Every structure is written in structure tokens, then in C-alpha cells.
Amino acid sequence: MGAAAEPLQGASPYLMESAAARGRHRRQWLQRWALLGIILLTFVLRVYDLGREELWFDEALSAVISGDGLVDIIAYTQATPFEHPPLYYLVLHTWTVVAGTSEFALRFFSLFWGVLIIPLLYRFMSSWGGRSLGLLTALTAALSTTYIAYSQTARMYTLTPVLAILLLASFFQALATRRLRWWVAFALISVLGVITHYYFALMLLVPITLLFLGRMRDRRTLILSLAVGLGCALLVVAWSALSPGFRQAIGDVLAGEGGGVSSLELRISHTVGGLLLDPPTAGNLAIAGLAVLGAVLWPITPPPWTHPLRPIGTRRFLLVWLLVPWLVSMAIPYWLQDRHLAYLLPAYYAMVAAGLLVLRAKHRILLWAGLLVLVATSAYGLYLRESQVGFEFGRIMAFIEERALEDDLVLMDQPAYWPLAEYYSGRDLTKAYLPTSNGVLVEEKVDEQMRALVDERHRVWLGPAGAWTADPESLAGQWLASHGFQAQKEWFPGSGSASLYFMANSLEPLPLEPGIEWEGKIRLLTAQSSPLVAVPGDALRVSFDWEAIELLDESYLVSLYLTDSAPAAIGGQTWAKRHSEPCGGWCLTDGWVPGTIVQDRHAIEIPPGTPPGRYRLQVAWYAPGEGRELVVNTGASRVDLGEVQVERPADLGVEAPGMLPAQYPLQADFGQIALLGFDLKDAELAVGETVLLDLYWHSSGRPTADFRLLVEVVGEGGQVLVSWERWPVSASLPTSDWN
């Protein structure tokens, strides 16, 4: 063994240097592959489900603004208060010309910058603290759920961090090389940042503060740095002079007025909570602890290159980057959000990476424990995001447009929904927004504004409606429930809803038997309805006066039915039904006081395709907790309100007998009625399956009798296997009424 070790002891310095070089090359090779793996991980985490969720308000605004022409984009950002500068929208416009305007395409533009920042972060932070710091900073950014969310949002919040890194890199290059081209790059990136987001101007305080801390005395450097800052300030002043919307926003903020103002407590909560603790889990608290650990215990080592600010050290540089813009932003009483300061995140990620290096210096097991916290926190945050259900404006709008008529009014209780409505609307329906003035809808104004909007309207949709509303007390819904008749209300994931109201027309009293009660709980006093003559697609409007006989401990539903005039035993059926809460959900029965009269309105739609004929309108009370209808004191469960005459629509076309699309055409003449053909779905069936049979009838005149239809399934031996007898079409349209 001793002989084997002797050559190593006597190895030449050249061989030892070669071994060290090979070790360095191997580490560099591993670091390059690690960086490539981090970049790939970044892309996968951000592209997954990129287009799954619908756009939210700000994203829809990006789509709408960037969808205009270049001149219109600039004009909009100039005229609109609290709107961002135009650069992002101009660049996004160019992108959408190539990639389209789908949710995926719009967000992929942000994803591009969200992935590009990883190699930039690695290169920049490696120059300040070595490759280990660069790799760990890149990994922290890749796993950050906050930055993943920004990368999946069609806004400028992944572009500003990229510009921040380029800004600082060009500034330090200008200091180190003293070359004019780097000062030009520094000035250009400063301008690009400011015309991307106004709050990017605070990033210019970072190099200025570093010059102050470094006691920079070089006159040329100071003059050029101040010239860049002054140039950006003059740019903002010039833009303000040309932009009435920007001037109004500044005036409102300085005056402490309008929705763009917030308290210092909210600004701290929104920025710290959103950037560092979203979601506020133990894992994110631990990661913030790593950043504090890096800020306190990481050695104050200067970067491994020379420039006048080198003595400041990496730790102090990161603290200046992270804290100075944030502290100054706290002095501006604007409604500040975390995403407005997204360019601070790279400094935070570097602080976390520094904390991991502090752990590595203690023991490698601690480093792996810190990395495990990063991965677990990211996985849990992604799980929470995946399990959340957002407000699906587009899905609700599609629901409305599928059912709306051309002259329907679509009423939304949030004026800020207009970009979503413009992006997701597929039909040119009339839309209106509440309130019609600034602020929230107030009770003193609701009647005036609602009457002006729904005047002479036959049908009004309320929705898409969601949790983000300018009508927090749902005054519009209550007004419609008391002045109109709710025919539909559909709930969607994310607390979204759409409701259809038929507005009032003349009502007529309905004849009722006195003393109608349901199990001694609810009494029906009076009922009124619109004329009981209608066509398919219209609705019957009914108004009730109820009285609670006793205190009710359950929320019952009002049930309306449109049934055949024939009993169910001989082929009658229900053609329409609706279960709904009384007063559209604003006077639930478990809040009724005995003896108090409750006025309640409902509508039941006559489905398209309902055959002309005579039907019955019935009402019942349904107990959802018990899954049954309450029993009336007459022994039945439903009360008959009267006969309804459904008429043939005036514009219904009539096809010639030879033009009918029958699968099996034939000519079977039964005298007064002829069978022209039939459709038979699934001719080969197993026992227990259903036969789907469509028959095409034709009458040359009005039949003199009410014929019934007999259908039989006959076996090979002639025996009848199945037989059933029905009214053709409907019991409410007997053959004697056929034209």
C-alpha cells in the first residue's frame, strides 16, 4: 500500500493542476446540467394547465386593450385613470398577431419571461456570490408558487423582474467598464421599465442608494446616474402632460379619494403577504425564515470582480434591492398590490438561497432539509391552486347566450366586468352594468337605476354574477325579485350565478278554493297570473300571497308544474316544472313570522317544442330535506291553479310531407290520419333497454275523433312481446285538435 501511494506524493505540480482542472470542469459540467434541469422544471411547472382556467379581470383587460390598434392602445392608456403605461400592451399586441388571443396564447407571453428569468438570475447572482448562490436562487424562483402564478397570468408581472435584473446588470457593467454603451443600456432599460409599469420607477432608487452607500465620488458616474434618473422623471412628467387619466389618478391619490387609495396597513398586508406568504402556510413562513437567515448570517463578502461598489458586499446589495423600493412604496397612498412590486422577488429568492448556503456551512443535512421545505411548500401551494375553483365568467356568459333571445337585456352588477364581457361574448346582446355611477349600488338609487335599465324589457338576465360585485347587498336581485318573475337561476362553481326574470305584465286573479293549507304550516291566501294563454318559449307569471301558520324550521321550495290535462294513468305527463325559493331566495320560509303575509313571484317557462293544447298549472310546496312534497288539507300534494292554453307559434314553418327527414319513409293511410315515416334508434336491443321511436304524422283535415296510438313489438312467431298504448304527441293535443 505504501508503494502505491508513493507516486502521488511525488506527483509533479503539473499533474496536480490537471487533476484540479478536471475537477473544476466536472463541477462546471454538473452545474450546467443542473441549470438546464432547473430551466426545464420551470417551463413544465408553468406550462401545465396554462389555459385551463378562464381569464380574470386584469387578464381580460390585457386581451381587450392589446386587441386594439397601436394608436388606440396609447390613447386608452392616456385617457384611463389608474391604467398602466402602454409598452406591455403594445408588445402583447404584436405577440397576439402571431399567437392568437386564446387564454393559453395570452399567458404564454408571460410564461416566456417567467422562464427567461431563470438563466438571467443564475448568471447575475453567480457574479455576486458564486455559482452555488446562482443555482439555488434559480431553483428557488423555479419552485416559487407566487412566480408560477405570475407566469400563468396575462399581465406584465414577469416582465418587470427581467427588466430589473437587466437594469442592475447594465448599471454594474457601466461602473466596472466606464463605457458609454453600458450607460446607454442602463438608460434604455430604465425607460422601458417605467413605460411598462409606473412602480418600476422605484427600482431606480436601488442604484442611487448603492452609490450613496458606496460613497461614490466619481463625478462622471454621479452625473450619468442622476441624468438617467432625471430623464425618467422628465419622461413621466411629459407622459402626465399628455395623459388626462394619469393626472386624474395622481390627483385622486394625493387627495385620498377614490377606489385607488388604501391604508398603510393594507399596503403592508398586500405586499408582504402576497410576495412572501401566499399562501400563508408554515412552509412559506419557513422559507421567509431562510431569507432572514441569509440576511443576518451570510458573510458580507464582496463579489469576485472589481468595480467601485464592490466593498458594499452581496448581502447589503440584496437588502437595498429588496427594502428600499418597498419602503418608499409604503409612503404612496395608492391601492398597492404585491404584483406591482414583482421586481423585488429576485432579491428575495437570492436571500433564500443565501439562507440555504448558511445551512450548508453548518451541515449538508441542513441544506437538504431546507431544499425539502422548498419542494414541499411548492407542491402544497400548487395543490391548493389546483383545488381552487375560480369565477367562471365565460362559462356563465355562454349559458346565458345559449338561452337568450335577441332583445334580452344582460345586466351585470359589476361595471369592471366589461373586459370579461367583451372577451367572452359571442353574441351581440344588449348589456348594462350596475351601478350606473361610481361606487357601489345604494338603496336610495336602486329603483331609479333599475327602472331606467329594464324599462319596456320583456326578459332580463342578471349575471354573470359573482363574489366580486359592486352590489354587495344584492339590491338588484331583490328589486328584480319584487318587480319581475324569476324563471331560471343557475349556480356555477366559484359562487357564480345567472338568473332570468320575466318582467311584469297584467295579472289576473286566479279562482281558488278557500282555506288551502299545507300540513298546517303554510296557507295560500290569493294567487294571480298572467293570461293563461301562451306559446312555447314564453313564461307564465304567477304571484302568490302566503301566510305562515306556525314557525317553520325548514326552508321549503315553491314548485310549479305544467302538466297534461289528462291524468298520468292514461298518458298524461309533466311538460315543465320548477322548484325555487320564495322571493328568488330573499324570503326563505325558515324566517317567516306566523300571521305575516308574504308576497312571492315566480315564472315557469313553456319549453320550446311543447305541442299546442290544453294543460294544467299546478303549485306545491317541496321539502328538500325530506325529499317529498307537503300534503294539502284536501289530501293531494298539488293545488290546481287553472287551465293553460298553449298555442302554436305564429312563425312556425310547416314542412311539406315529402320533405320530412324520416329515417324510414312510408305511406300508411289510416283514413283521417297518415303515417309518413318513422325513426328507430338502435334497432337491435337487449332485454331491459329502451326503444326510441319517432313517428311522423299528417292529417289532411281535422280528425273527428281522439285516436290513441297502439305500439307492439312482435316476435318471430307472431306473438306480441311488448305492447303499450299512448296518446300520439301529447294528451294535451288530442287528434281532434289537429289541423
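Below, the structure is looked at part by part.

Conventions we followed
- Residue numbers restart at each chain and count upward from 1, following the sequence in its written direction.
- For a predicted model such as this one, the threshold for reporting local features is a pLDDT of at least 70, and the threshold for listing and counting side-chain atom pairs is 80 or more; totals across whole chains, interfaces and linings nevertheless cover every residue.
- Side-chain measures were taken over the full set of non-hydrogen atoms in the model, leaving aside hydrogen atoms and water.
- Patch definition: residues with relative accessible area over 30% and no salt bridge; like charges joined within 9 Å; nonpolar side chains (Val, Leu, Ile, Met, Phe, Trp, Tyr) joined within 5 Å.
- Values of accessible area rely on a 1.4 Å probe in the Shrake-Rupley scheme; residue burial ignores everything except the protein chains shown.
- In what follows, salt bridge is the name for a side-chain nitrogen of Lys or Arg lying within 4 Å of a carboxyl oxygen of Asp or Glu.
- Helix and strand definitions follow DSSP, with helices as H or I runs of at least four residues and strands as E runs of at least two, each counted in order from the N terminus.
- Between buried and exposed lies partly exposed: a residue is buried under 20% and exposed over 50% of the maximum accessible area for its type, with that area taken using a 1.4 Å probe on protein chains only.
- Only strands that DSSP links by at least two bridges are regarded as paired with each other.
- To get an axis, fit a line to the C-alpha atoms, keeping to the stretch in contact for a helix; angles then go from 0 to 180 degrees between the N-to-C directions.
- By definition, residues are in contact when any of their heavy atoms lie within 4.5 Å.
- The arc refers to the directions leading from the helix axis to the C-beta atoms.
- In this scheme Phe, Tyr and Trp rings, the latter by its six-membered ring, pair at centre separations within 6.5 Å, and the angle between planes marks the pair as stacked below 30 degrees, edge-to-face above 60, and tilted otherwise.
- A helix is expected to span 1.5 Å multiplied by its residue count minus one.
- Count a disulfide wherever a pair of cysteine sulfur atoms falls within 2.5 Å.
- Each angle receives one of four descriptions, namely roughly parallel if under 35 degrees, roughly antiparallel if over 145, roughly perpendicular if within 65 to 115, and oblique otherwise.
- By definition, turning the near helix anticlockwise from the far helix through less than a right angle yields a left-handed crossing, and turning it clockwise yields a right-handed one.
- Side-chain classes follow a simple rule in which Ala, Val, Leu, Ile, Met, Phe, Trp, Tyr, Cys and Pro form the nonpolar group, Asp, Glu, Lys and Arg form the charged group, and the remainder, Gly included, forms the polar group.

**Describing a nonpolar patch on the surface**
Alright, step 1. Taken together, Trp-29, Leu-30, Trp-33 and Leu-36 make up a surface patch of nonpolar side chains, about 450 Å² in accessible area.
Alright, step 2. Mapped onto the fold, Trp-29 is located in helix α2 (residues 13–47).
Alright, step 3. Residue Trp-29 is classed as partly exposed on the basis of its relative accessible area of 48%.

**As for the sheet that holds strand β18 (residues 673–681)**
Alright, step 1. The strand order across the open sheet formed by three strands is β17-β18-β19, and the pairing between neighbours is antiparallel. Of all strands in the sheet, those bounded by a partner on one side alone are β17 (664–669) and β19 (692–699). Neighbour-to-neighbour, the strand axes of this sheet turn through a mean angle of 25 degrees, independent of strand direction.
Alright, step 2. Strand direction decides the pairing type here: β18 and β19, joined by eight bridges, are antiparallel. Looking at the pairing, Ile-673 lines up with Ser-699 of β19.

**A look at the sheet that holds strand β4 (residues 484–492)**
Alright, step 1. On the basis of which strands lie adjacent, the open sheet formed by five strands has the order β2-β1-β3-β5-β4 and mixed pairing. The sheet is open, and its two edges are formed by β2 (430–433) and β4, each paired on a single side. Taken pair by pair, the neighbouring strands of this sheet meet at an average axis angle of 20 degrees, ignoring direction.
Alright, step 2. Pairing geometry for β4 and strand β5 (residues 496–503), over eight bridges, is antiparallel. Of the residues in β5, the one forming a bridge with Phe-485 is Phe-502.
Alright, step 3. On top of the sheet, helix α19 (residues 393–403) reaches β1 (409–412), β2, β3 (459–465), β4 and β5; it is set at about 165 degrees to β3, its chief contact.
Alright, step 4. Against the sheet, helix α21 (residues 443–454) contacts β1, β2, β3 and β5, and its axis sits at roughly 155 degrees relative to β1.

**Considerations on helix α11 (residues 205–213)**
Alright, step 1. Along α11, the residues that are buried comprise Val-206, Pro-207, Leu-210 and Leu-211. The buried residues of α11 occupy an angular sector of 135 degrees when the element is viewed end-on, so they sit on one face.
Alright, step 2. Residues of α11 that are buried make contact with α9 (159–177), α10 (180–194), α12 (219–242) and α16 (314–329).
Alright, step 3. Arg-215 sits one or two residues past α11 and shows a positive phi near 55 degrees.

**A few points about the packing of aromatic side chains**
Geometry of an aromatic ring pair is reported as the spacing of the ring centres plus the angle between the planes.
Alright, step 1. In the structure shown here, the tally under the stated rule is 45 aromatic pairs.
Alright, step 2. Note on Tyr-417 and Trp-468: the rings are 5.9 Å apart at their centroids and 80 degrees apart in plane angle, and the pair reads as edge-to-face. Of this pair, Tyr-417 sits in the loop between β1 and α20 (418–424) while Trp-468 sits in the loop between β3 and α22 (475–483), and the two are 51 residues apart along the sequence.
Alright, step 3. Residue class for Tyr-417 comes out buried when judged on its relative accessible area of 0%.
Alright, step 4. A relative accessible area of 43% places Trp-468 in the partly exposed class.

**Concerning the pattern of salt bridges**
Alright, step 1. Scanning all chains against the criterion turns up 21 salt bridges.
Alright, step 2. The salt bridge involving Glu-626 is made with Arg-628; its shortest N-O contact spans 2.7 Å.
Alright, step 3. For Arg-628, a relative accessible area of 29% gives the class partly exposed.
Alright, step 4. Connected through salt bridges with shared partners, the residues Asp-49, Arg-52, Glu-53 and Glu-386 form a single ionic network.

**A word on helix α13 (residues 244–255)**
Alright, step 1. For α13, which comprises 12 residues, the first-to-last C-alpha distance of 16 Å matches the rise-based estimate of 16 Å (1.5 Å per residue) to within 8%.
Alright, step 2. Of the residues making up α13, those classed as buried are Gly-245, Phe-246, Ala-249, Asp-252 and Val-253. Along the axis of α13, the buried positions cluster into a sector of 125 degrees, meaning they face one direction only.
Alright, step 3. Just past α13, the residue Gly-256 takes up positive phi, approximately 70 degrees.

**Remarks on the state of the cysteines**
Alright, step 1. All told, the structure shown has one disulfide when counted by the stated rule.
Alright, step 2. Each disulfide pairs two cysteine sulfurs, and for Cys-583 the partner residue is Cys-587, the sulfurs being separated by 1.8 Å. Negative torsions about the S-S bond denote left-handed disulfides, and the value of about 85 degrees found for Cys-583 with Cys-587 makes this one right-handed.
Alright, step 3. The exposure class of Cys-587 is buried, given its relative accessible area of 14%.

**Re unusual backbone geometry**
Alright, step 1. Here the residue pair Leu-434 and Pro-435 is connected by a cis peptide bond, since its omega of -5 degrees sits within 30 degrees of zero.
Alright, step 2. Following the sequence through the fold, Pro-435 ends up in the loop between β2 and α21.
Alright, step 3. Of note in this structure, Asp-49 is not a glycine but carries a positive phi near 55 degrees.
Alright, step 4. With respect to the helices and strands, Asp-49 occurs in the loop between α2 and α3 (57–66).
Alright, step 5. The class for Asp-49 is partly exposed, based on a relative accessible area of 30%.
Alright, step 6. With a phi angle near 60 degrees, Phe-82 is a residue other than glycine that sits in the positive phi range.
Alright, step 7. By the element assignment, Phe-82 lies in the loop between α4 (70–79) and α5 (87–99).
Alright, step 8. Note on Phe-82: relative accessible area 29%, which makes it partly exposed.

**Overview of the pairing of strand β16 (residues 639–646)**
The two faces of a sheet get side chains in turn, since along a regular strand they alternate between them.
Alright, step 1. Where strand β9 (residues 533–534) meets β16, two bridges bridge the pair, whose relative direction is parallel. Across the sheet, residue Val-533 finds its bridge partner in β16, namely Gln-645.
Alright, step 2. Bridge count for strand β14 (residues 613–623) against β16 is seven bridges, and the pairing is antiparallel. Pairing of Tyr-615 across the sheet is with Val-644, part of β16.

**With respect to the packing of α10 against α12**
Alright, step 1. The interhelical angle for the contact between α10 and α12, taken along N-to-C directions, is 25 degrees, at an axis separation of 10 Å. One way to sum up the angle between α10 and α12 is to call them roughly parallel. Taken as a pair, α10 and α12 cross one another with a handedness that is right-handed. On α12, the residues that touch Leu-180, Trp-183, Phe-186, Ala-187, Ser-190, Val-191 and Val-194 of α10 are Arg-220, Thr-221, Leu-224, Ser-225, Val-228, Cys-232, Leu-235 and Val-236.

**Quick word on the packing of α4 against α5**
Alright, step 1. Between α4 and α5, the shortest axis-to-axis distance is 10 Å and the interhelical angle comes to 155 degrees. Judged on the interaxial angle alone, α5 and α4 are roughly antiparallel. Between α4 and α5 the crossing geometry is right-handed. Residues Leu-70, Ile-73, Ile-74 and Thr-77 of α4 pack against Tyr-89, Leu-90 and His-93 of α5.
Alright, step 2. Class assignment for the residues of the contact of α4 with α5 results in five nonpolar, two polar and no charged.

**Quick word on the environment of Leu-70**
Alright, step 1. Positionally, Leu-70 belongs in helix α4.
Alright, step 2. C-alpha of Leu-70 to C-alpha of Asp-338: the two residues are 268 residues apart in sequence and 29 Å apart in space.
Alright, step 3. Apart from residues no more than four positions distant in its own chain, Leu-70 is found in contact with Leu-90 and His-93.

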